[in-house]
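Here's the letter readout for the chains.
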Amino acid sequence: MASNWTERICAFTRSPSRFLSGTTSEAFLAELLRELRDDRASYSIKVLLLSPLCEYPTLLCSSDSVGEETALELVSVFAQCPPKSLQFRCQLLVTVTCVLVCSSCASSLSRASLDFLDLLLQSAQDTSDIQGDGAQRMLRATACDCLREMEACCPGLLSQRLELLGGLRQKETSRLHQAFAGLHILVLRNAVYRLTQETGAGAEDLKALLGGNASVSWEADQDSGPVKSKDSATLSSLILGPMGTVPTLHTGPDCKELRTVLSSLLEDSYLLTPLCQAALLFRLTEVVAMVPAIPPAIFRAQLLRLLGTSEVCLLHTTLLMKSAFTDSLFSAEDEGFILKRLVVLSQHPLLSTPEKLFYMDCILHFPENRPISCGDSDEALPVLLTPKLASALLPTVFNDSATLLARLNLLSLVYLEEGEEESRGLGYLYEHLMSLLRIMESGSGREIVVTFFRAAFLFLFYFCHMKRYSDSLSEQLCQLYMRHTRLAPHLINLADQIQERLSESGWTLELLKALQRVITEAPLAQLTLPDLSWHLKMLTRVGEEGKISQDSTLRFLSRVIMPSSSSLCGSGNWRLGNAVLGVCRRLLVHPSLDSLLVPLADILQHLAGHYGDTDIQDHARFYYTLLTTLSREKLAVVLAPGAAEDGRQVKKRALSCLMAESEGLTSALTIHQTEKTIFSLTEAPSEQLEAAKDGRLNQGEAQNISDEAEKALETYRAQFDDPNFASEITLRYKLTHTQDHDPNFDQLFSIRLHVSLTDGHYEALHDISVPCLFRERPSPVVQLRLKPRQPYPTTFHASAIFTTQDGFTWHTNLPDIHISFQQTFLPLPAPSSWAPASRLNVFEGLWDEMSSEAADCVISLFCCQLKEAALNSLVGKHFLPFLVSDFSHKEELKVLIFLPPKSHMLLKIRLEEDAVHFNIATNNWHLLPHINSYLLAITSSQGDTVS
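Not measured: the values here are computed from a predicted model.

A. Seen up close, the overall build of the protein chain. Looking only at helices and strands, the protein chain has 38 helices and 12 strands in total. Buried residues in the protein chain amount to 49% of all 947 residues. Within the protein chain, contacts between residues at least 6 apart in sequence are counted, and of these 72% link residues at least 24 apart. For the protein chain, the exposed area adds up to about 45,200 Å²; of that, 52% sits on carbon and sulfur atoms.

B. Region of the structure containing the confidence of the model for the protein chain. With 87% of its residues at a pLDDT of at least 70, the protein chain reaches an overall mean of 84. In this model residues 642-646 is a low-confidence stretch, pLDDT under 50, and it forms 10 contacts with partners more than four residues away in sequence or in other chains. Of the regions scoring below 50 in pLDDT, residues 700-706 engages in nine contacts with residues more than four places distant in sequence or in other chains.

C. Local environment of the packing of aromatic side chains. The final tally for this structure, using the stated rule, is 28 aromatic pairs. Ring centres 5.4 Å apart and planes at 90 degrees place the aromatic pair phenylalanine 12 and tyrosine 56 in the edge-to-face group. Here the residue phenylalanine 12 occupies a position in helix H1 (residues 2-14), and tyrosine 56 occupies one in the loop between helix H4 (43-55) and helix H5 (57-60), the gap between them amounting to 44 residues. Grouping aromatic residues by their ring pairs yields a cluster made of Tyr430, Phe457, Phe459, Phe461, Tyr462, Phe463 and Tyr469.

D. Representation of the packing of helix H30 (residues 574-588) against helix H31 (residues 593-610). Two elements in contact, H30 and H31, have axes whose closest approach is 10 Å; the angle formed by their N-to-C orientations is 150 degrees. What the angle tells us is that H30 and H31 run roughly antiparallel. Crossing hand, H30 versus H31: left-handed. Seen from H30, the contacting residues are Val580, Leu581, Cys584, Leu587 and Leu588; seen from H31, they are Leu593, Leu600, Ile603, Leu604 and Leu607. Here the residues of the contact of H30 with H31 are counted per class, giving 10 nonpolar, no polar and no charged.

E. Quick peek at the pairing of strand S8 (residues 809-819). In this sheet, S8 lies alongside strand S1 (residues 671-673) in parallel orientation, the contact comprising three bridges. Across the sheet, the residue bridging to histidine 672 is tryptophan 810, located in S8. Pairing between strand S7 (residues 794-804) and S8: nine bridges, direction antiparallel. When the sheet's bridge partners are listed, threonine 803 is paired in S8 with threonine 809.

F. Spatial organisation of the state of the cysteines. Considering all chains together, one arrives at zero disulfides under this definition. Looking at the unpaired cysteine 54, the closest cysteine sulfur is the one in cysteine 98, lying at 4.6 Å. Since its relative accessible area comes to 19%, cysteine 54 is described here as buried. Distance from the sulfur of cysteine 144, which forms no disulfide, to the nearest cysteine sulfur (cysteine 146) is 9.3 Å.

G. Quick look at the sheet that holds S7. If you trace the five strands from one edge of the open sheet to the other, you get S1-S8-S7-S4-S5, paired in mixed fashion. The two strands at the open ends of the sheet, each matched to only one other strand, are S1 and strand S5 (768-774). Averaged over all pairs of adjacent strands, the angle between their axes in this sheet comes to 35 degrees, without regard to strand direction. Where strand S4 (residues 747-756) meets S7, seven bridges bridge the pair, whose relative direction is antiparallel. Directly across from phenylalanine 749, in S7, lies its bridge partner threonine 803.

H. Highlighting the sheet that holds strand S12 (residues 916-922). As summarised here, the arrangement of the four strands in space is S9-S12-S11-S10, forming an open sheet in which the pairing is antiparallel. Looking at the sheet topology across the chains shown, the edges are occupied by strand S9 (858-864) and strand S10 (893-899). Neighbouring strand axes in the sheet, compared pairwise and without regard to direction, differ in orientation by 20 degrees on average. As defined by bridge partners, S9 adjoins S12 across seven bridges and the pair is classed as antiparallel.

I. View of the side chain of asparagine 369. Note on placement: asparagine 369 falls in the loop between helix H19 (353-364) and helix H20 (387-390). A distance of 2.8 Å separates a polar atom in the side chain of asparagine 369 from a polar atom in the side chain of lysine 322. For asparagine 369, the side chain forms a polar contact with the main-chain oxygen of phenylalanine 330, separated by 3.1 Å. When residues no more than four places from it in sequence are discounted, the contact partners of asparagine 369 are Lys322, Thr326, Asp327, Phe330, Ser331, Ala332 and Glu335.

J. Up close: unusual backbone geometry. The omega torsion across proline 900 and proline 901 is 5 degrees, close enough to zero to call that bond cis. Structurally, proline 901 can be placed in the loop between S10 and strand S11 (903-911). Positive phi values are uncommon outside glycine, yet threonine 326 reaches one of about 45 degrees. Looking at the secondary structure, you find threonine 326 in the loop between helix H17 (312-325) and helix H18 (332-345). Its identity is not glycine, yet serine 750 carries a phi of approximately 50 degrees, on the positive side. Take serine 750: it is sitting in strand S4.

K. Molecular detail of helix H25 (residues 488-501). Taking 1.5 Å of rise per residue, the 14 residues of H25 would be expected to cover 20 Å, and the 20 Å separating its terminal C-alpha atoms lies within 8% of that figure. The set of residues buried in H25 consists of Ala488, Leu491, Ile492, Leu494, Ala495, Asp496 and Ile498. In the core, the buried residues of H25 are packed alongside helix H23 (446-463), helix H24 (467-483), helix H26 (507-521) and helix H27 (529-542).

L. Main features of the environment of leucine 342. Its place among the elements puts leucine 342 in helix H18. Since its relative accessible area comes to 0%, leucine 342 is described here as buried. C-alpha of leucine 342 to C-alpha of phenylalanine 366: the two residues are 24 residues apart in sequence and 9.7 Å apart in space.

M. Representation of H31 in the model. With 18 residues, H31 should reach 26 Å at 1.5 Å per residue; the first-to-last C-alpha distance of 24 Å fits that figure. Residue proline 599 marks the point of greatest curvature in H31, where the axis turns by about 40 degrees. What H31 keeps buried is the set Leu593, Leu596, Leu600, Ala601, Ile603, Leu604, His606, Leu607 and Ala608. At its buried positions, H31 is contacted by helix H28 (551-561), helix H29 (568-571), H30, helix H32 (614-629) and helix H33 (632-639).

N. Region of the structure containing the environment of serine 65. Here serine 65 shows up in helix H6 (residues 64-80). Here serine 65 falls in the partly exposed class, since its relative accessible area comes to 45%. Sequence-wise, serine 65 and serine 104 are 39 residues apart; in three dimensions their C-alpha atoms are separated by 9.8 Å. In this structure the side chain of serine 65 is engaged in a polar contact, spanning 3.1 Å, whose partner is the side chain of serine 63.

O. Highlighting the pattern of salt bridges. Considering all chains together, one arrives at 27 salt bridges under this definition. Here glutamate 172 makes a salt bridge to arginine 140, at a shortest N to O gap of 2.7 Å. Note that glutamate 172 is positioned in the loop between helix H10 (162-171) and helix H11 (176-196) and arginine 140 in helix H9 (residues 135-153), a separation of 32 residues in sequence. Across the salt bridge formed by arginine 370 and aspartate 327, the nearest N and O atoms sit 3.0 Å from each other.

P. Structural view of the nonpolar core. With 201 residues, the main nonpolar core has Leu188, Leu258, Phe453 and Leu477 as its most contacted residues. The dominant element in this core, judged by the number of residues it contributes, is H23, at 12 residues. Not counting residues within four places of it along the chain, the set of residues in contact with leucine 477 comprises Phe452, Phe453, Leu491, Leu494, Trp507 and Leu511. Ile751, Val770, Val782 and Ala921 belong to the second-largest nonpolar core, a separate cluster that totals 46 residues.

Q. Spatial organisation of the environment of alanine 455. Structurally, alanine 455 can be placed in helix H23. The class of alanine 455 is buried, set by a relative accessible area of 0%. Each C-alpha atom, one on alanine 455 and one on leucine 405, is 6.2 Å from the other, the two residues being 50 residues apart in sequence. When residues no more than four places from it in sequence are discounted, the contact partners of alanine 455 are Leu405, Leu408, Leu433 and Leu436.

R. Seen up close, the packing of helix H8 (residues 111-125) against H9. Contact pair H8 / H9: the axes reach a minimum separation of 8 Å and the direction vectors enclose 140 degrees. In terms of axis orientation, H8 runs oblique to H9. The handedness of the crossing between H8 and H9 is left-handed. Facing H8, whose interface residues are Phe116, Leu117, Leu120, Leu121, Ser123, Ala124 and Gln125, H9 presents Arg140, Ala143, Cys146, Leu147 and Met150. A class-by-class count of the residues in the contact of H8 with H9 yields nine nonpolar, two polar and one charged.

Criteria and cut-off values
Residues numbered from 1 in each chain as written. Predicted model: local features only at pLDDT ≥ 70, side-chain atom pairs only at ≥ 80, totals over all residues. Heavy atoms only, no water. Helix = DSSP H or I, 4+ residues; strand = E, 2+ residues; numbered from the N terminus. Buried < 20%, exposed > 50% of the residue type's maximum accessible area, 1.4 Å probe, protein only. Contact = heavy atoms within 4.5 Å. Areas by Shrake-Rupley, 256 points an atom, 1.4 Å probe, with all protein chains shown as cover. pLDDT = per-residue confidence, 0-100. Phe/Tyr/Trp six-rings, centres within 6.5 Å; stacked < 30°, edge-to-face > 60°. Axes fitted to C-alpha atoms, helices over the stretch in contact; angles between N-to-C directions. Parallel < 35°, antiparallel > 145°, perpendicular 65-115°, else oblique. Left-handed = near helix turned anticlockwise from the far one by under 90°. Nonpolar A, V, L, I, M, F, W, Y, C, P; charged D, E, K, R; others polar. Pairing = 2+ DSSP bridges. Disulfide = S-S within 2.5 Å. Polar contact = N/O pair within 3.5 Å; in protein donor to acceptor, adjacent residues only side chain to side chain. Expected span 1.5 Å × (residues − 1). Bend = angle between axes of the 7 residues up to and from the residue. Salt bridge = Lys/Arg side-chain N within 4 Å of Asp/Glu carboxyl O. Core = buried A, V, L, I, M, F, W, Y, C linked by side-chain atoms within 4.5 Å.

Here is the structure:
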């Protein structure tokens, strides 16, 4: 049994949706709770059983009511659990916390959540084993963690227990003191925030709050409960920058109770671990920021150790305090000391790279006492960071990539305000960039290539306006490209990013002009096919710039394709041919096309007549036709709708994209979305059930049991062992237009219906094709072939793609298709030649099997009050296709329903004196809730004949 539960829990954890496709969340939850109450199960298995509720509480507890019932059940298990099973008791507390928080029971102050809070407080105060081995301490620590989690998720839940929590913190002498301190300050911070939201709250309210020690259930009678979810985001980050504001509580000068509590917490901070100290100081900073009566100088005694700390979390908290209080707490000397310390830590050899990067980021966002800039989103250096102080952070080639780029960014900001002539630091940065270039050329890997181009982008981003350096870098990049043409994608990306970020700068144009020049002037004798491929991609990018003359590009293309200087056309290389066409296509929409017309036409004509690939010839011929028959304006509309007249061409999807070298056929498939539903699926009668019903109506008297009847059950069982046996449900639907009349959609063609699943109860459905749908013609009928994994009710999402008479393709969403339980019913899957006696024999054999205590088989009873006439009407309407007994014999009617893939529902319907009895047998007990709901629905529909 233990191994079975282990396998089931593992299966659930791997894929909860797939696991629940074989059952329901309610059934699985009921099994878990039943097993948790079973005394025969070991506590190690019970701990495992709690894991689904901890990890997927919202999946198993689908509503608040289910969550509350589950929590009450788990608390009851906790009460009956012996104290020695400590690990299980701790896990129970954690599980109940997850269920209450995730099901919103805690935020709604349900009775279960309030009782559970009392249980947690009692467990946290239980010091019965203070002289023992400390085993109870583990339960107390868990209870404290659960209290902190509930307070964090539902701020204000424990605000009336501040005095109790403060007492527990002060009395605790074990390591639990740290947990109580964290809980106390969290509750205090949330309580003070709540007071800031109440109109007219002051010193008396704060004093009453600090001395409150009421029962947790006080919240249920208060007008203002815990802070709602919309305020939780505000609570997550109260401290703003020096130019921002925080909610304040005006208490006047008399605030000694709060000052006492804060001083006590600050004294205890020395006993905590660095991470807990940082959290405590951050919460205290928030409290002091909200209560102006408490001076920030209360932290002054802590600054000495905080300014010299080597802990990242404590230094971060110190910077947050500086951001909140500025010169109210930190002097100018403190500010200078912190900044120098950050510079030292940013290059400390014993620190890891992430830590040093963090300290450099702190410099970029340093909270100054009197900041010059009012913005807090952009990076800005503090005034005290002089070039002399920052010189210690100059990048070197020995730095790793992340450190090098971070230092380059920081130093670029430092030297940005210096003039071009007097800035020796700027010269150093440029020389460093050239060193990276030489290292990259020496054969380094991809990392140094990416690092160099990122460094080049940073340098240009800050110093693109300095002509001496930007022109020199352009020249170096051109030389680099000619030696390593494989770097073309990096150069194109660099040009694109600079053009996007610095739209007013002309550096990108100058670089592309220089690249065009070095490419077109290079001797063809030294040109290799790989180099030519990259050159063509680069020239395609150059062709996007309307301000760059393209004469040299056309001369280069002419030289490349002419047989006297190149064998390109004869080789028939499809990729290179496409690359040449890519350049030509860009030039077709160039603003200076009029001056390029003749040479471009010559190139396209030569490709159409001499290139060794038919596809390239056809594309060249198409471009030539467009060039010689359309004006420049029409070419721009056809090839590049919305293109800029004199700037870079805007990429748009158009029919001509079919001819581009890197844009596939899908670029031409623009699918429009309908605003409303155009048509829907309406259920049509099932042919399977109608045929079965006709067979019942034409059936004569039952024959005697023959040899065929005796073998019927054995034959019926054998078909399920056949691997080729596959049962499916065929549902028929009419495709009909909706009421909304739109003449554009009266005639639809090539309709492709797509039906998607919402659960795992059925196999995926194939798409359905419908040739056409006309409003004035009869509705076509489509068939949905369902292959159930479990015969449960479900919902399918439906959508369709179709074409209208004007040639446009549309996508529309159809109303959801709801599959009811009775739509999964099928008649007995037996040969049509079987005599009624054979079908009856199968029924009796299956009933006997299900009456035994076999796995998954169950017998049940459903009763209702119906008159005889109403019963006859009900059977004739709902069960006639499934009858295996003669309808004329009223003593007992026998119904056999097959539910794919291998489930059965058997009914014996008998009219008794007091009621109609539906005796139910099924080999799948999970179906009982659906069977009961179905019988209740169909019998209720006979309301006019209920006795």
